[in-house]
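Listed below are the residues making up each chain.
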Amino acid sequence: MCRFLICVIALMTITDAQVDKHATQETKMLFQRLKSLAKDETKVLFGQQEHTWLGAQGGTSPYLFWGLDHDGAKGWIYGDGQARDHSPDDLCDVKGITGSYPAILGVDMFDMDYKNNVTSHWLGRRAYERGEVITVSMHHTNPITGHNAWIGGDTGDTLHVVRRILPGGDHHDKLNAILDKLAIWAHSFTDSKGKPIPAIFRYLHELNGGWFWWGLKNKAQNTEQDLQKLYRYMVTYLRDQKGVHNFLYAYSPDKFSDKADYLKTYPGDDYVDVLGMDWYYMSSSDTKTTFHRTVKDVVEIAESRGKIPAITETGYSNNGIEKMHSFWKDDILDVLKWESTTKRIAYIHTWSNHCSGNGKCELWVPYKGHPAEWDFVNKFYKDPMTVFSSQLPDMYH
(Lines give C-alpha, C1' and ligand atoms only; values in the text may rest on other atoms or scores of the structure.)
Protein backbone atom coordinates (compact mmCIF):
# COMPACT_ATOMS: atom_id res chain seq x y z
CA MET A 1 0.00 0.00 0.00
CA CYS A 2 1.25 3.51 -0.79
CA ARG A 3 2.44 5.54 2.18
CA PHE A 4 1.70 9.07 1.08
CA LEU A 5 0.34 11.60 -1.38
CA ILE A 6 2.46 10.99 -4.43
CA CYS A 7 1.08 7.50 -4.89
CA VAL A 8 -2.21 8.94 -6.15
CA ILE A 9 -0.69 10.82 -9.05
CA ALA A 10 -0.76 7.78 -11.29
CA LEU A 11 -4.31 9.04 -11.90
CA MET A 12 -2.99 12.36 -13.18
CA THR A 13 -2.36 13.25 -16.79
CA ILE A 14 1.30 13.89 -17.45
CA THR A 15 1.74 17.43 -18.71
CA ASP A 16 4.39 19.09 -20.84
CA ALA A 17 5.25 21.67 -18.19
CA GLN A 18 8.89 20.60 -18.10
CA VAL A 19 11.79 21.80 -20.22
CA ASP A 20 11.84 18.87 -22.63
CA LYS A 21 8.49 18.40 -24.39
CA HIS A 22 9.82 15.16 -25.90
CA ALA A 23 11.16 13.66 -22.69
CA THR A 24 10.72 9.94 -22.18
CA GLN A 25 7.57 8.82 -20.40
CA GLU A 26 9.62 7.85 -17.33
CA THR A 27 11.30 11.26 -17.24
CA LYS A 28 7.95 13.03 -17.48
CA MET A 29 6.60 10.89 -14.67
CA LEU A 30 9.62 11.66 -12.49
CA PHE A 31 9.04 15.39 -13.01
CA GLN A 32 5.38 15.14 -12.01
CA ARG A 33 6.03 12.96 -8.99
CA LEU A 34 8.76 15.21 -7.66
CA LYS A 35 6.45 18.21 -8.11
CA SER A 36 3.67 16.44 -6.23
CA LEU A 37 6.05 15.29 -3.52
CA ALA A 38 7.21 18.86 -2.99
CA LYS A 39 3.61 19.89 -2.35
CA ASP A 40 3.25 17.19 0.30
CA GLU A 41 4.29 18.93 3.52
CA THR A 42 4.71 15.62 5.33
CA LYS A 43 7.48 14.10 3.20
CA VAL A 44 10.96 14.93 1.88
CA LEU A 45 13.43 12.63 0.09
CA PHE A 46 16.94 12.24 1.49
CA GLY A 47 19.85 11.70 -0.91
CA GLN A 48 23.63 11.41 -0.81
CA GLN A 49 26.32 11.82 -3.41
CA GLU A 50 27.98 8.56 -4.47
CA HIS A 51 26.53 6.64 -1.53
CA THR A 52 27.41 3.28 -3.11
CA TRP A 53 30.65 4.55 -4.69
CA LEU A 54 32.56 5.93 -1.69
CA GLY A 55 32.36 5.48 2.06
CA ALA A 56 34.12 5.56 5.39
CA GLN A 57 32.86 2.64 7.46
CA GLY A 58 35.43 0.09 6.25
CA GLY A 59 35.48 -2.00 3.10
CA THR A 60 35.23 -5.69 2.36
CA SER A 61 36.43 -7.62 -0.69
CA PRO A 62 35.96 -6.97 -3.59
CA TYR A 63 35.72 -3.29 -2.58
CA LEU A 64 38.95 -1.32 -2.73
CA PHE A 65 40.33 0.11 0.50
CA TRP A 66 40.83 3.79 -0.07
CA GLY A 67 42.72 6.38 1.90
CA LEU A 68 42.99 6.83 5.62
CA ASP A 69 42.61 4.56 8.59
CA HIS A 70 40.17 5.91 11.15
CA ASP A 71 38.57 4.42 14.24
CA GLY A 72 39.77 0.94 13.31
CA ALA A 73 38.31 1.15 9.81
CA LYS A 74 39.47 2.38 6.40
CA GLY A 75 37.66 4.23 3.66
CA TRP A 76 36.40 2.23 0.68
CA ILE A 77 35.63 2.77 -2.98
CA TYR A 78 33.60 0.82 -5.52
CA GLY A 79 36.07 0.31 -8.35
CA ASP A 80 35.47 0.26 -12.08
CA GLY A 81 36.51 -3.40 -12.07
CA GLN A 82 33.55 -4.16 -9.84
CA ALA A 83 31.32 -2.24 -12.22
CA ARG A 84 32.58 -4.20 -15.23
CA ASP A 85 31.95 -7.43 -13.30
CA HIS A 86 28.50 -6.18 -12.25
CA SER A 87 29.37 -6.78 -8.63
CA PRO A 88 26.72 -6.02 -5.98
CA ASP A 89 26.75 -2.50 -4.55
CA ASP A 90 25.59 -3.42 -1.07
CA LEU A 91 28.19 -1.38 0.82
CA CYS A 92 26.81 2.04 1.78
CA ASP A 93 27.44 4.04 4.96
CA VAL A 94 23.77 5.09 5.26
CA LYS A 95 22.52 1.58 4.63
CA GLY A 96 24.99 0.28 7.21
CA ILE A 97 23.23 2.21 9.98
CA THR A 98 19.63 2.41 8.76
CA GLY A 99 19.15 -0.73 6.68
CA SER A 100 18.11 1.43 3.69
CA TYR A 101 19.94 3.25 0.92
CA PRO A 102 19.22 6.98 0.49
CA ALA A 103 16.37 7.82 -1.87
CA ILE A 104 18.68 9.71 -4.24
CA LEU A 105 22.06 8.75 -5.69
CA GLY A 106 24.34 11.52 -6.92
CA VAL A 107 27.03 10.80 -9.51
CA ASP A 108 29.64 13.14 -10.98
CA MET A 109 30.78 13.13 -14.60
CA PHE A 110 34.14 14.84 -14.01
CA ASP A 111 35.73 14.52 -17.49
CA MET A 112 33.77 11.43 -18.49
CA ASP A 113 36.73 9.08 -18.76
CA TYR A 114 36.13 5.39 -19.39
CA LYS A 115 36.43 4.24 -15.76
CA ASN A 116 34.11 6.95 -14.48
CA ASN A 117 31.53 6.24 -17.18
CA VAL A 118 31.51 2.50 -16.50
CA THR A 119 31.11 2.98 -12.76
CA SER A 120 28.49 5.74 -12.93
CA HIS A 121 26.44 3.79 -15.47
CA TRP A 122 26.38 0.61 -13.40
CA LEU A 123 25.82 2.19 -9.98
CA GLY A 124 23.19 4.48 -11.49
CA ARG A 125 21.39 1.52 -13.02
CA ARG A 126 21.49 -0.36 -9.72
CA ALA A 127 20.02 2.65 -7.91
CA TYR A 128 17.32 3.03 -10.57
CA GLU A 129 16.38 -0.63 -10.20
CA ARG A 130 15.83 0.03 -6.49
CA GLY A 131 13.57 2.95 -7.45
CA GLU A 132 15.97 5.71 -6.45
CA VAL A 133 16.30 9.10 -8.14
CA ILE A 134 19.59 9.87 -9.93
CA THR A 135 21.20 13.32 -9.94
CA VAL A 136 24.24 14.19 -12.07
CA SER A 137 26.83 16.93 -11.53
CA MET A 138 30.08 17.81 -13.36
CA HIS A 139 33.38 18.94 -11.85
CA HIS A 140 34.99 19.05 -15.30
CA THR A 141 38.32 20.62 -16.11
CA ASN A 142 38.70 24.06 -17.63
CA PRO A 143 38.36 23.38 -21.38
CA ILE A 144 40.87 26.12 -22.24
CA THR A 145 43.63 25.61 -19.65
CA GLY A 146 43.19 21.93 -18.84
CA HIS A 147 43.30 22.73 -15.13
CA ASN A 148 40.74 21.19 -12.78
CA ALA A 149 37.36 22.73 -11.97
CA TRP A 150 38.73 24.93 -9.17
CA ILE A 151 40.12 28.13 -10.62
CA GLY A 152 42.23 29.31 -7.68
CA GLY A 153 45.39 27.40 -8.62
CA ASP A 154 44.98 27.73 -12.39
CA THR A 155 47.95 29.62 -13.86
CA GLY A 156 46.67 29.41 -17.43
CA ASP A 157 44.69 31.88 -19.51
CA THR A 158 41.42 31.91 -17.56
CA LEU A 159 40.14 35.33 -18.65
CA HIS A 160 36.57 35.19 -20.03
CA VAL A 161 36.71 31.39 -20.20
CA VAL A 162 32.91 31.02 -20.43
CA ARG A 163 32.55 33.61 -23.16
CA ARG A 164 35.34 31.95 -25.16
CA ILE A 165 33.58 28.57 -25.24
CA LEU A 166 30.22 30.01 -26.28
CA PRO A 167 29.22 30.24 -29.97
CA GLY A 168 31.54 32.72 -31.66
CA GLY A 169 34.31 32.13 -29.11
CA ASP A 170 37.76 30.88 -30.08
CA HIS A 171 37.30 27.64 -28.07
CA HIS A 172 33.66 26.88 -28.85
CA ASP A 173 34.60 23.51 -30.35
CA LYS A 174 35.83 22.37 -26.94
CA LEU A 175 32.43 23.03 -25.37
CA ASN A 176 30.73 21.01 -28.09
CA ALA A 177 33.20 18.19 -27.51
CA ILE A 178 32.29 18.11 -23.81
CA LEU A 179 28.57 18.12 -24.54
CA ASP A 180 29.01 15.43 -27.21
CA LYS A 181 30.61 13.15 -24.61
CA LEU A 182 27.85 13.94 -22.16
CA ALA A 183 25.21 13.07 -24.76
CA ILE A 184 26.90 9.72 -25.37
CA TRP A 185 26.83 9.07 -21.62
CA ALA A 186 23.12 9.98 -21.42
CA HIS A 187 22.15 7.81 -24.38
CA SER A 188 24.02 4.83 -22.95
CA PHE A 189 22.64 5.31 -19.43
CA THR A 190 20.02 2.60 -19.80
CA ASP A 191 18.27 -0.12 -17.84
CA SER A 192 18.57 -3.85 -18.47
CA LYS A 193 16.09 -3.55 -21.36
CA GLY A 194 17.98 -0.72 -23.04
CA LYS A 195 15.52 2.03 -22.04
CA PRO A 196 17.04 5.40 -21.04
CA ILE A 197 17.18 6.03 -17.29
CA PRO A 198 15.98 9.48 -16.18
CA ALA A 199 18.44 11.73 -14.35
CA ILE A 200 18.47 15.25 -12.92
CA PHE A 201 21.37 17.06 -14.60
CA ARG A 202 22.75 19.79 -12.33
CA TYR A 203 24.99 21.80 -14.67
CA LEU A 204 27.15 24.73 -13.51
CA HIS A 205 26.32 24.14 -9.87
CA GLU A 206 27.26 26.94 -7.45
CA LEU A 207 27.65 29.24 -10.46
CA ASN A 208 27.27 32.37 -8.31
CA GLY A 209 30.37 31.43 -6.30
CA GLY A 210 33.95 32.26 -7.17
CA TRP A 211 35.71 28.88 -6.81
CA PHE A 212 34.93 27.19 -10.15
CA TRP A 213 36.01 28.35 -13.61
CA TRP A 214 32.33 28.78 -14.44
CA GLY A 215 31.72 31.04 -11.44
CA LEU A 216 31.43 34.77 -10.78
CA LYS A 217 33.77 37.20 -9.05
CA ASN A 218 37.03 35.45 -9.87
CA LYS A 219 39.88 35.98 -12.32
CA ALA A 220 37.84 34.52 -15.20
CA GLN A 221 35.67 37.66 -15.03
CA ASN A 222 32.61 35.76 -16.24
CA THR A 223 29.41 37.79 -16.28
CA GLU A 224 25.91 36.81 -15.23
CA GLN A 225 24.89 36.94 -18.90
CA ASP A 226 27.77 34.62 -19.88
CA LEU A 227 26.55 31.98 -17.46
CA GLN A 228 22.93 32.33 -18.53
CA LYS A 229 23.95 31.87 -22.18
CA LEU A 230 26.10 28.84 -21.37
CA TYR A 231 23.28 27.13 -19.49
CA ARG A 232 20.79 27.82 -22.27
CA TYR A 233 23.20 26.57 -24.91
CA MET A 234 23.78 23.36 -22.94
CA VAL A 235 20.06 22.59 -22.74
CA THR A 236 19.26 23.34 -26.37
CA TYR A 237 22.33 21.47 -27.65
CA LEU A 238 21.67 18.31 -25.64
CA ARG A 239 17.91 18.33 -26.12
CA ASP A 240 17.49 19.60 -29.67
CA GLN A 241 20.72 18.64 -31.45
CA LYS A 242 21.82 15.50 -29.62
CA GLY A 243 18.38 14.08 -28.80
CA VAL A 244 18.92 13.63 -25.06
CA HIS A 245 15.43 13.13 -23.62
CA ASN A 246 16.10 11.52 -20.23
CA PHE A 247 17.27 14.64 -18.36
CA LEU A 248 15.56 17.02 -15.99
CA TYR A 249 17.60 20.23 -15.63
CA ALA A 250 18.50 21.70 -12.23
CA TYR A 251 19.66 25.22 -11.40
CA SER A 252 21.59 25.30 -8.11
CA PRO A 253 23.46 28.43 -7.06
CA ASP A 254 25.28 28.68 -3.75
CA LYS A 255 24.14 30.91 -0.85
CA PHE A 256 22.32 34.08 -1.82
CA SER A 257 21.09 37.24 -0.10
CA ASP A 258 17.55 37.53 -1.49
CA LYS A 259 15.35 36.41 -4.37
CA ALA A 260 16.87 38.86 -6.84
CA ASP A 261 20.34 37.63 -5.94
CA TYR A 262 19.20 34.02 -6.42
CA LEU A 263 17.89 34.78 -9.92
CA LYS A 264 20.79 36.88 -11.21
CA THR A 265 22.31 33.94 -13.12
CA TYR A 266 18.98 32.19 -13.80
CA PRO A 267 18.75 31.10 -17.47
CA GLY A 268 14.95 31.26 -17.62
CA ASP A 269 11.91 29.08 -17.07
CA ASP A 270 12.26 27.41 -20.47
CA TYR A 271 15.56 25.84 -19.39
CA VAL A 272 15.08 24.70 -15.79
CA ASP A 273 12.98 21.97 -14.15
CA VAL A 274 14.43 21.95 -10.62
CA LEU A 275 15.16 25.09 -8.62
CA GLY A 276 17.69 24.19 -5.96
CA MET A 277 20.42 25.65 -3.83
CA ASP A 278 23.69 24.46 -2.29
CA TRP A 279 23.82 25.60 1.32
CA TYR A 280 26.36 24.32 3.85
CA TYR A 281 26.82 25.27 7.48
CA MET A 282 30.41 26.50 7.42
CA SER A 283 30.83 29.27 10.01
CA SER A 284 29.06 31.08 12.85
CA SER A 285 27.37 33.35 10.28
CA ASP A 286 25.50 30.33 8.88
CA THR A 287 22.49 30.19 11.18
CA LYS A 288 19.25 28.27 11.21
CA THR A 289 17.40 31.52 10.58
CA THR A 290 19.41 32.22 7.44
CA PHE A 291 19.00 28.66 6.22
CA HIS A 292 15.25 28.88 6.78
CA ARG A 293 14.98 32.17 4.89
CA THR A 294 16.83 30.82 1.86
CA VAL A 295 14.78 27.61 1.77
CA LYS A 296 11.59 29.67 1.89
CA ASP A 297 12.84 31.86 -0.97
CA VAL A 298 13.60 28.80 -3.12
CA VAL A 299 10.20 27.25 -2.48
CA GLU A 300 8.32 30.47 -3.24
CA ILE A 301 10.27 31.10 -6.45
CA ALA A 302 9.84 27.50 -7.60
CA GLU A 303 6.12 27.40 -6.88
CA SER A 304 5.54 30.69 -8.69
CA ARG A 305 7.21 29.24 -11.81
CA GLY A 306 5.88 25.68 -11.73
CA LYS A 307 9.26 24.19 -10.83
CA ILE A 308 10.49 21.59 -8.33
CA PRO A 309 12.11 23.12 -5.19
CA ALA A 310 15.08 21.21 -3.73
CA ILE A 311 18.08 21.52 -1.43
CA THR A 312 20.62 20.20 -3.92
CA GLU A 313 23.57 20.14 -1.48
CA THR A 314 23.74 20.65 2.27
CA GLY A 315 25.54 19.45 5.38
CA TYR A 316 27.88 20.56 8.12
CA SER A 317 31.36 21.31 6.75
CA ASN A 318 34.65 20.32 8.37
CA ASN A 319 33.16 17.14 9.84
CA GLY A 320 30.71 19.12 11.95
CA ILE A 321 28.73 15.98 12.81
CA GLU A 322 31.67 14.90 14.97
CA LYS A 323 30.48 17.52 17.48
CA MET A 324 26.89 18.12 16.40
CA HIS A 325 25.58 14.56 16.59
CA SER A 326 21.97 15.65 16.11
CA PHE A 327 22.78 18.00 13.23
CA TRP A 328 20.45 16.41 10.65
CA LYS A 329 17.47 16.71 12.94
CA ASP A 330 18.24 19.99 14.72
CA ASP A 331 19.74 22.08 11.91
CA ILE A 332 18.06 20.66 8.80
CA LEU A 333 14.82 18.77 9.44
CA ASP A 334 13.54 20.87 12.33
CA VAL A 335 14.21 24.06 10.37
CA LEU A 336 12.13 22.77 7.46
CA LYS A 337 9.30 22.17 9.93
CA TRP A 338 9.21 25.77 11.14
CA GLU A 339 6.41 26.63 8.71
CA SER A 340 4.37 25.08 5.93
CA THR A 341 6.27 26.80 3.10
CA THR A 342 9.63 25.33 4.04
CA LYS A 343 8.12 21.87 4.37
CA ARG A 344 7.40 21.96 0.62
CA ILE A 345 10.84 20.78 -0.50
CA ALA A 346 11.09 17.73 -2.78
CA TYR A 347 14.48 16.53 -1.58
CA ILE A 348 17.58 17.14 0.53
CA HIS A 349 20.93 16.00 -0.84
CA THR A 350 24.30 15.79 0.91
CA TRP A 351 27.84 15.08 -0.28
CA SER A 352 29.82 11.83 -0.26
CA ASN A 353 31.70 10.38 2.68
CA HIS A 354 35.29 9.83 1.56
CA CYS A 355 38.67 9.17 3.13
CA SER A 356 41.13 10.43 0.55
CA GLY A 357 43.04 13.71 0.52
CA ASN A 358 43.29 16.57 3.02
CA GLY A 359 44.78 14.30 5.68
CA LYS A 360 41.42 13.23 7.11
CA CYS A 361 38.11 11.67 6.16
CA GLU A 362 35.40 14.04 5.02
CA LEU A 363 32.12 13.01 6.58
CA TRP A 364 28.59 14.29 5.98
CA VAL A 365 26.63 11.43 7.49
CA PRO A 366 27.65 8.95 10.20
CA TYR A 367 28.77 5.39 9.47
CA LYS A 368 28.47 2.24 11.56
CA GLY A 369 30.02 2.93 14.95
CA HIS A 370 30.24 6.72 14.50
CA PRO A 371 29.20 8.78 17.57
CA ALA A 372 26.34 10.41 15.59
CA GLU A 373 24.88 7.08 14.43
CA TRP A 374 22.14 6.87 17.09
CA ASP A 375 20.95 10.43 16.53
CA PHE A 376 20.86 10.07 12.75
CA VAL A 377 18.90 6.81 12.90
CA ASN A 378 16.47 7.66 15.68
CA LYS A 379 15.94 11.39 15.14
CA PHE A 380 16.29 11.74 11.36
CA TYR A 381 15.84 8.42 9.56
CA LYS A 382 12.91 7.35 11.74
CA ASP A 383 11.18 10.71 11.52
CA PRO A 384 7.94 10.25 9.52
CA MET A 385 8.91 13.12 7.22
CA THR A 386 12.12 11.67 5.77
CA VAL A 387 11.94 9.22 2.86
CA PHE A 388 14.72 6.76 2.06
CA SER A 389 15.02 4.18 -0.71
CA SER A 390 13.06 1.42 1.02
CA GLN A 391 10.12 3.81 1.52
CA LEU A 392 9.88 5.07 -2.07
CA PRO A 393 6.89 4.38 -4.28
CA ASP A 394 7.44 3.90 -8.02
CA MET A 395 8.76 7.28 -9.18
CA TYR A 396 8.86 6.39 -12.88
CA HIS A 397 5.77 4.42 -13.94
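Procedures and definitions
- Residues numbered from 1 in each chain as written.
- Predicted model: local features only at pLDDT ≥ 70, side-chain atom pairs only at ≥ 80, totals over all residues.
- Heavy atoms only, no water.
- Disulfide = S-S within 2.5 Å.
- Buried < 20%, exposed > 50% of the residue type's maximum accessible area, 1.4 Å probe, protein only.
- Axes fitted to C-alpha atoms, helices over the stretch in contact; angles between N-to-C directions.
- Helix = DSSP H or I, 4+ residues; strand = E, 2+ residues; numbered from the N terminus.
- Parallel < 35°, antiparallel > 145°, perpendicular 65-115°, else oblique.
- Left-handed = near helix turned anticlockwise from the far one by under 90°.
- Contact = heavy atoms within 4.5 Å.
- Nonpolar A, V, L, I, M, F, W, Y, C, P; charged D, E, K, R; others polar.
- Salt bridge = Lys/Arg side-chain N within 4 Å of Asp/Glu carboxyl O.
- Phe/Tyr/Trp six-rings, centres within 6.5 Å; stacked < 30°, edge-to-face > 60°.
- pLDDT = per-residue confidence, 0-100.
- Lys, Arg positive; Asp, Glu negative; His and termini not counted.
- Polar contact = N/O pair within 3.5 Å; in protein donor to acceptor, adjacent residues only side chain to side chain.
- Expected span 1.5 Å × (residues − 1).
- Pairing = 2+ DSSP bridges.
- Right-handed = clockwise from strand over helix to strand, strands pointing away.

Draft legend 1. A look at the state of the cysteines. Scanning the model with the defined rule gives 1 disulfide in all. Cysteine Cys 92 remains unbridged, with the sulfur of Cys 355 as its closest cysteine sulfur at 14 Å. Taking the relative accessible area as the measure of exposure, Cys 92 reaches 1% and is therefore buried.

Draft legend 2. Broad picture of the packing of helix α9 (residues 288-305) against helix α10 (residues 327-336). The interhelical angle for the contact between α9 and α10, taken along N-to-C directions, is 40°, at an axis separation of 10 Å. Judged by the angle between their axes, α9 and α10 are oblique. Relative to α10, the crossing made by α9 is right-handed. Across the interface between the two elements, Lys 288, Phe 291, His 292 and Val 295 from α9 touch Asp 330, Asp 331, Ile 332, Val 335 and Leu 336 from α10. Per-class residue counts for the contact of α9 with α10 are 5 nonpolar, 1 polar and 3 charged.

Draft legend 3. Spatial organisation of the pattern of salt bridges. Following the criterion strictly, the structure yields 26 salt bridges and no others. Salt-bridge contacts for Asp 286 lead to Lys 255; the nearest nitrogen and oxygen are separated by 2.9 Å. Placement of the pair is Asp 286 in the loop between β9 (274-281) and α9 and Lys 255 in the loop between β8 (247-251) and α8 (259-263), with a sequence separation of 31 residues. Overall, the relative accessible area of 12% leaves Asp 286 in the buried class. Using a relative accessible area of 24% as the deciding quantity, one classes Lys 255 as partly exposed.

Draft legend 4. Layout of unusual backbone geometry. Omega for the bond connecting Ser 61 with Pro 62 falls within 30 degrees of zero, at 10°, which places this linkage in the cis form. Inspection of the secondary structure assignment puts Pro 62 in the loop between β2 (54-55) and β3 (64-70). Of note, the phi angle at Phe 110 is positive, near 45°, even though the residue is not glycine. Tracing the backbone shows Phe 110 in the loop between β5 (104-108) and α4 (114-129). What makes Phe 110 partly exposed here is its relative accessible area of 35%. With phi around 55°, His 160 is a residue other than glycine that occupies positive phi space. Relative to the helices and strands, His 160 is located in the loop between β6 (133-137) and α5 (161-165).

Draft legend 5. View of the packing of aromatic side chains. According to the stated counting rule, one finds 33 aromatic pairs in the structure shown. Summarising the aromatic geometry, the rings of Tyr 280 and Trp 364 are spaced 5.1 Å apart at their centres and angled 45° between planes, so their arrangement reads as tilted. Taken together, the residues span a long stretch of sequence, with Tyr 280 in strand β9 and Trp 364 in the loop between β11 (347-350) and α12 (373-381) at a distance of 84 residues. With respect to class, Tyr 280 is no different from Trp 364; both count as buried.

Draft legend 6. Molecular detail of the confidence of the model for the protein chain. Mean pLDDT over the protein chain: 94, with 95% of residues reaching 70 or higher. For residues 1-16, every residue scores under 50 in pLDDT, and the model assigns this stretch 31 contacts once sequence neighbours within four places are set aside.

Draft legend 7. Structural detail: the side chain of Lys 43. Summarising the element assignment, Lys 43 is placed in the loop between α1 (25-39) and β1 (44-49). One buried charged residue, Lys 43, forms no salt bridge at all, with the nearest opposite charge on Asp 40 at 6.7 Å. At a separation of 2.4 Å, a polar atom in the side chain of Lys 43 contacts the main-chain carbonyl oxygen of Pro 384.

Draft legend 8. Seen up close, α9. The terminal C-alpha atoms of α9 lie 26 Å apart, and with 18 residues this matches the ideal 26 Å at 1.5 Å per residue to within 8%. Among the residues of α9, Phe 291, His 292, Thr 294, Val 295, Asp 297, Val 298, Val 299, Ile 301 and Ala 302 are the ones counted as buried. In this fold, the buried residues of α9 make contact with α8, β9, β10 (308-316), α10 and α11 (340-343). The first or second residue beyond α9 is Gly 306, which carries a positive phi of 70°.

Draft legend 9. Geometry of the environment of His 370. Here His 370 shows up in the loop between β11 and α12. Sequence separation of His 370 and Val 118 is 252 residues, and the distance between their C-alpha atoms is 31 Å. Once you skip the residues sitting within four places of it in the chain, His 370 turns out to touch Ile 321, Glu 322 and Leu 363. A polar contact of 2.9 Å, which involves the side chain of His 370, links it to the backbone nitrogen of Ala 372.

Draft legend 10. Here's a closer look at the pairing of β5. Burial runs high along β5: 5 of the 5 residues are buried. Taking every second residue as pointing to the same face, both faces of β5 are buried, with Ile 104, Gly 106 and Asp 108 on one and Leu 105 and Val 107 on the other. Bridge analysis of β1 against β5 gives 3 bridges, and the strand direction is parallel. Paired with Gln 48 across the strands is Leu 105, a residue of β5. Here β5 pairs with β6 via 5 bridges, running parallel. When the sheet's bridge partners are listed, Ile 104 is paired in β6 with Val 133. At this point the chain moves from β5, through α4, to the parallel β6, and the crossover so formed is right-handed.

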